[in-house]
Amino acid sequence: MDWNGAKVLVTGGAGQIGANLVERLVGMGAQITVADNLWRGKKSNLLKDGKPMINMETQFLELDLAERAACDMACAGQDIVIHLADVVAGINFVFGNQYFLFNKNALIDNNMIQAALDAGVEKYVFVGSACSYPADKQAVLNPPPFKEEDVYPALPESAYGWSKLMGEYLCELAAQSGKMETGVLRFHNVYGPRCEMSPEKSQVIPALIRKAIRHPKEDFVVWGSGVQRRAFVYVDDAVEGLIRVVERGMGKGAIQIGPDFSTSIREVAEQAVAASGREIEIVFDPTKPEGDMDRAADWTKAREILGWEPTVGVAEGIKRTYAWCEAELHRLDNQT
Ligand SMILES: NC(=O)c1ccc[n+]([C@@H]2O[C@H](COP(=O)([O-])OP(=O)(O)OC[C@H]3O[C@@H](n4cnc5c(N)ncnc54)[C@H](O)[C@@H]3O)[C@@H](O)[C@H]2O)c1
């Protein structure tokens, strides 16, 4: 597929995955529009080497995509929509704001897909989440890697997991209209540069990296026992999946993106400390929530349809993310 000149809307394009995707697509000559309300994304994520990757006056739309009119504005004239905007955050926010999160994501996903259909968009990509797998299947250590169909019968642990599953289902139904091709990737835990680091909204890897960088001003406390495990995906591998789903994964149902093994949160904490090059005592706080116990991806479908494979391991990925976070915190500290 020739991306050169393709009109591509990236919703949530100021976020972690979105901004890295924008960097790739701009490099391939695509004509990008970003729509984001900056709930968690940042305009500074759209900088590369200090310069904007897109024209921030004409190609960046600061819009709340929970509003239908905003979705219409964003979708007008687009060939391809890669819809990444949704409310995503760390475990505390997710479990403390279940109604807000489900309601908001349902509004965003429903309004976006209808606007794309009405605007005559050709290809529409949605991303689901491994949080949508049934809670009981993730409640034990070392479950067999999930296949795509294991998501049903559905019983996600969180409203976030439900909202992402409903987003996938919407795509399936919209495709049946025959008016628009839809593609769905189901990501495991994505991390990497351009991540959110704040104590309120960050996910586990950026949170632990921030604590390592800030130590000893901030205690290096790991939430939960550290025994819980996740299948981590470096953001470049997630971006590669998004490019490939547009090229050869449309109309194929949900495709999982993630490794077939998991890494414990204790190991993540140790890698964050190793990346700091300092001696930091790791303290576990079992009174804090830790979520599902364990999960990983059987990524046969991604290999067969997309030719995708994970390429960056956790130790290397954390090292790269640490370097980005350190530079970013330094930049922010110098601003204030
Ligand atoms: N990070 C992960 O581990 C992970 C795993 C599975 C799926 N996903 C999905 O991937 C997508 C991107 O996630 P991310 O990790 O880049 O998170 P992110 O928070 O960095 O990106 C989401 C973006 O959506 C924007 N947004 C939120 N509400 C909005 C609204 N009402 N209107 C417009 N923009 C809005 C945010 O400001 C943010 O920039 C999300 O759909 C998420 O559910 C992420």
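Residues numbered from 1 in each chain as written. Predicted model: local features only at pLDDT ≥ 70, side-chain atom pairs only at ≥ 80, totals over all residues.

Details of the overall build of the protein
Threshold: Here a strand is any run of E in DSSP of at least two residues, a helix any run of H or I of at least four, and the numbering for each starts at the N terminus. Just to be clear, the radius of gyration here is over C-alpha atoms, and the globule rule we use is 2.2 Å times residues to the power 0.38. Working definition of burial: number of other C-beta atoms within 10 Å of the residue's own, with buried at 20 or more, exposed at 12 or fewer, and partly exposed in between, all C-beta atoms being placed from the backbone. Here contacts are defined at the residue level, using C-beta atoms placed from the backbone and a cut-off of 7 Å between them.
Scanning the protein for helices and strands turns up 10 helices and 15 strands. Relative to its length of 336 residues, the protein is compact, with a C-alpha radius of gyration of 19 Å against a globular reference of 20 Å. Here the C-alpha coordinates of the protein stretch approximately 55 × 50 × 35 Å along the principal axes. Burial analysis of the protein (336 residues in total) assigns 50% to the buried set. A separation of at least 24 residues holds for 82% of the contacts in the protein among residues at least 6 apart in sequence.

So, unusual backbone geometry
Geometrically, the link from Y152 to P153 is a cis peptide bond, its omega value of -5° lying close to zero. Considering the arrangement of structural elements, one finds P153 in the loop between β7 (123-129) and α5 (159-176). Looking along the chain, the bond that leaves H215 and enters P216 is cis, with omega of 5°. Its location among the elements puts P216 in the loop between α6 (204-214) and β10 (221-223). Of note, the phi angle at L38 is positive, near 65°, even though the residue is not glycine.

A short note on the site of the ligand
Where we set the bar: To decide nearness, the C-beta atom of each residue is placed from the backbone, and the residue is near a molecule or strand if that atom lies within 6 Å of it.
In the vicinity of the ligand there are 29 residues, among which G12, G15, I17, G41 and F187 approach most closely. Contributing elements (two or more residues each) for the shell around the ligand: α1 (16-27), β7 and β9 (189-191).

Some thoughts on the nonpolar core
Let me state the cut-off plainly: For this entry, the nonpolar core is defined as buried Ala, Val, Leu, Ile, Met, Phe, Trp, Tyr and Cys residues connected by C-beta atoms within 7 Å.
With 99 residues, the main nonpolar core has L208 and A272 as its most contacted residues. What L208 contacts, discounting residues up to four positions off in sequence, is V222, V268, A269 and A272.

A look at α5
For clarity, the threshold we go by: Under the convention used throughout, the expected extent of a helix is 1.5 Å for every residue step, that is, one less than its residue count.
Along its 18 residues, α5 runs 26 Å from first to last C-alpha, staying within 8% of the 26 Å computed at 1.5 Å per residue. Those residues of α5 that sit buried are A159, Y160, G161, W162, S163, K164, L165, G167, E168 and C171. On the buried face of α5, the contacting elements are α3 (91-96), α4 (98-119), β7, β8 (181-187) and β13 (254-257).

A word on the sheet that holds β13
Hydrogen bonding along the main chain pairs the strands of a sheet, whether they run parallel or antiparallel. Quick note on the threshold: At least two bridges found by DSSP between two strands is the condition for calling them paired. To obtain each axis, a line is fitted to C-alpha atoms, and for helices this fit is confined to the stretch in contact; angles are then taken between N-to-C directions over 0 to 180 degrees.
What the seven strands build is an open sheet, ordered β5-β2-β1-β6-β7-β8-β13; its pairing is parallel. Each of the sheet's edge strands pairs with one partner strand only, and the pair in question is β5 (60-62) and β13. Strand-to-strand twist of the sheet, defined as the mean angle between neighbouring strand axes without regard to direction, takes the value 20°. Here four bridges tie β8 to β13, and the two strands are oriented parallel to one another. Pairing of V184 across the sheet is with A254, part of β13. Packing of helix α7 (residues 235-248) onto the sheet brings it into contact with β6 (80-83), β7, β8 and β13, and relative to β8 it is tilted by some 160°.

Some remarks on helix α10 (residues 314-335)
Test applied: This arc is taken over the directions from the axis of the helix to the C-beta atoms.
Over its 22 residues, α10 extends 31 Å from the first C-alpha to the last, a length consistent with the 32 Å expected when each residue adds 1.5 Å. Considered for burial, the residues of α10 that qualify are V314, G317, I318, T321, Y322, C325 and E328. For α10, the angular spread of buried residues about the axis comes to 145°, placing them on one side. What points out from α10, more than 90 degrees from its buried face, is the exposed set E316, A327, H330, R331 and N334. The inward-facing, buried residues of α10 abut β9, α6, β12 (232-234), β14 (263-264) and α8 (265-276).

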